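Fold and geometry: a report
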Amino acid sequence: LSNGHFKERTVERVIETLAMVTQLLPKYKLGKDIDVSLGLDIDQDVQTDVTEITQYLMYSIDYLTRNEKDDTMLMIFFNNIINKNDKFLQYALRENDFKDQVLEKYFLVKVLNENVYTGLTNRHKENINNEESLNKKELVSLQLLKKILTHESITPYFEGKLVNEANRSFDENYEILSLWSRISSTLLCNSAKFDTFQLTNIMIWVFMILENVSMSILKIFEKHTISSIDESYIDIELIPKTDKFYDILMNNLDVLSHLCQFQHCQKFVLHYKGIEKLGKLLGVLHTNCYRLSVHIDDKQGGKLTLNDNLKKNPDFNNWSKVIDKENNKIKSINFPHIKSLIIEILTKFLVFDNETTVDSSKIEELQNLMKAESILEVVLSNCAIDDNEPFIKERAIMFLKYALHNNQVNQEFVAKLEQKTTVDSQSETLLEEIGYEVDISKNGKIGLKKTSNSIN
């Protein structure tokens, strides 16, 4: 064998050996036998081990990439050292080399985004069962991803991206966050088993990211309204930011919606005023984003086009600002699907099973909170077909069913709102769909009364 070929075989055998040996170990040891770290200080022995492993990982990644070699065994080794010693990730995330070269450029971009995410997406399009079709590397990668996303040290790492690390621009940090949110949503929304510790760690960073991105969106609309700025400013100045905000927001709301099936996560949201914060974002989007009616116009080459019935509206030209004619989609500045997703999440706090015992006072408390935060009013205003928000009418109806159930105050509030507007066939149909109809008593008091379609 030539020296070069011998070296290649040696490197590959070392990687394979490390993968197999660490697979057999019940725990991967770092530092001395006696651990003097309290989690707040730095155990220098552990840090030294982590630094050496990081350097080895970087060398192996570089070697396998340059020589276009399979990296499955390296992924197994990487997975083992993180899953078999919680301290490794805690200490590794303090090192820029690990964060930049190993975690982001290699694991996030190359393995997760270019390999796993693309593979899962293609299989989904072909209606192939993803779980059964996963290869060894993909399975190991997803196992490692779940460990990282449920580890307590990942929140400070994400926080660093949100506050814009000094050595990176907004675009770089948010591009990384966007990739994390996309692949995280794919994994977590397809997982059903979490322990309380895992749920807490996930909720901390999901909620932190949602809160931060929501505040950034609120600031944009405090400074700008779509009607007051021209389309070129939207496309050049705002879209580069709202594209990233939208992607991160959409994926993290997906995760939150999935996790809110767990009571532990609902308690977390309530404790940190999540209902109020989601309600505020819902209200801002409702005020600033346009309700649209669009179609694909075959006469214009299959372009997304506003329907003719909107042309009489004086604000028609403003609506056209949010249509991306080149890419045939609604622009991120109008945040499509987001209101609908928020309403879906809020509904999960009100849903109960008639066959089980529920704390009626808790339900009423949440119903009243929805009214106090103007959520009830905003949702009622969204009970209409909107191509910017597919299925929002159906989700709004489901929300209102539970928000009005056995709550006289909310029922009277909705009835009075209906009386303030023109009661056309659409609003009458809405009340019928949620199981109520406007009732005016002999003394003139306005209220709702149940129909046969209401919740029992």
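Everything below is about the structure printed above this text.
Residues numbered from 1 in each chain as written. Predicted model: local features only at pLDDT ≥ 70, side-chain atom pairs only at ≥ 80, totals over all residues. Heavy atoms only, no water.

What follows concerns the packing of helix 8 (residues 154-162) against helix 9 (residues 170-188). Packed helices, taken two at a time, are described by the angle between their axes plus the distance between the axes. At a minimum axis separation of 8 Å, helix 8 and helix 9 run at an interaxial angle of 135°. With respect to their mutual orientation, helix 8 and helix 9 come out oblique. Residues Tyr157, Phe158, Lys161 and Leu162 of helix 8 form the contact with helix 9, whose own contacting residues are Asn173, Tyr174, Ile176, Leu177 and Trp180. A class-by-class count of the residues in the contact of helix 8 with helix 9 yields 7 nonpolar, 1 polar and 1 charged. (Axes fitted to C-alpha atoms, helices over the stretch in contact; angles between N-to-C directions. Helix = DSSP H or I, 4+ residues; strand = E, 2+ residues; numbered from the N terminus. Parallel < 35°, antiparallel > 145°, perpendicular 65-115°, else oblique. Contact = heavy atoms within 4.5 Å. Nonpolar A, V, L, I, M, F, W, Y, C, P; charged D, E, K, R; others polar.)

Time to look at the pairing of strand 1 (residues 294-297). Of the pairings in the sheet, the one linking strand 1 to strand 2 (residues 303-306) comprises 4 bridges and is antiparallel in character. Among the inter-strand pairings, aspartate 297 is bridged to a residue of strand 2, identified as lysine 303. Where strand 1 folds back on strand 2, the antiparallel hairpin that results is connected by 5 residues, among which glycine 301 adopts a positive phi of roughly 75°. (Pairing = 2+ DSSP bridges.)

On to unusual backbone geometry. Here histidine 337, not a glycine, exhibits a phi torsion of approximately 75°, which is positive. Residue histidine 337 is classed as partly exposed on the basis of its relative accessible area of 34%. Phi angles above zero are rare outside glycine, and asparagine 406 is one such case at about 55°. Relative to the helices and strands, asparagine 406 is located in the loop between helix 18 (392-404) and helix 19 (408-420). Classification of asparagine 406 by relative accessible area gives exposed; the value is 57%. (Buried < 20%, exposed > 50% of the residue type's maximum accessible area, 1.4 Å probe, protein only.)

Take the environment of threonine 186 next. Relative to the elements of secondary structure, threonine 186 occurs in helix 9. Taking the C-alpha atoms as reference points, threonine 186 and aspartate 254, 68 residues apart in sequence, are found 9.3 Å from one another. Beyond its immediate sequence surroundings of up to four residues, threonine 186 is in contact with Tyr117 and Leu120.

This next bit is on the side chain of serine 60. The residue serine 60 is located in helix 2 (residues 44-66) in this model. Each residue touching serine 60, except ones within four places of it in the same chain, is listed here: Ile15 and Leu74.

Attention now moves to the packing of helix 10 (residues 196-223) against helix 12 (residues 263-271). The interhelical angle for the contact between helix 10 and helix 12, taken along N-to-C directions, is 35°, at an axis separation of 10 Å. Every pair of crossing elements has a handedness; the one defined by helix 10 and helix 12 is right-handed. For the pair formed by helix 10 and helix 12, the contact residues are Thr196, Leu199, Thr200, Met203, Ile204 and Phe207 on the first element and His264, Cys265, Phe268 and Val269 on the second. Split into classes, the residues belonging to the contact of helix 10 with helix 12 amount to 7 nonpolar, 3 polar and no charged. (Left-handed = near helix turned anticlockwise from the far one by under 90°.)

So, to be careful, I would describe these as geometric facts and stop short of saying anything about function.
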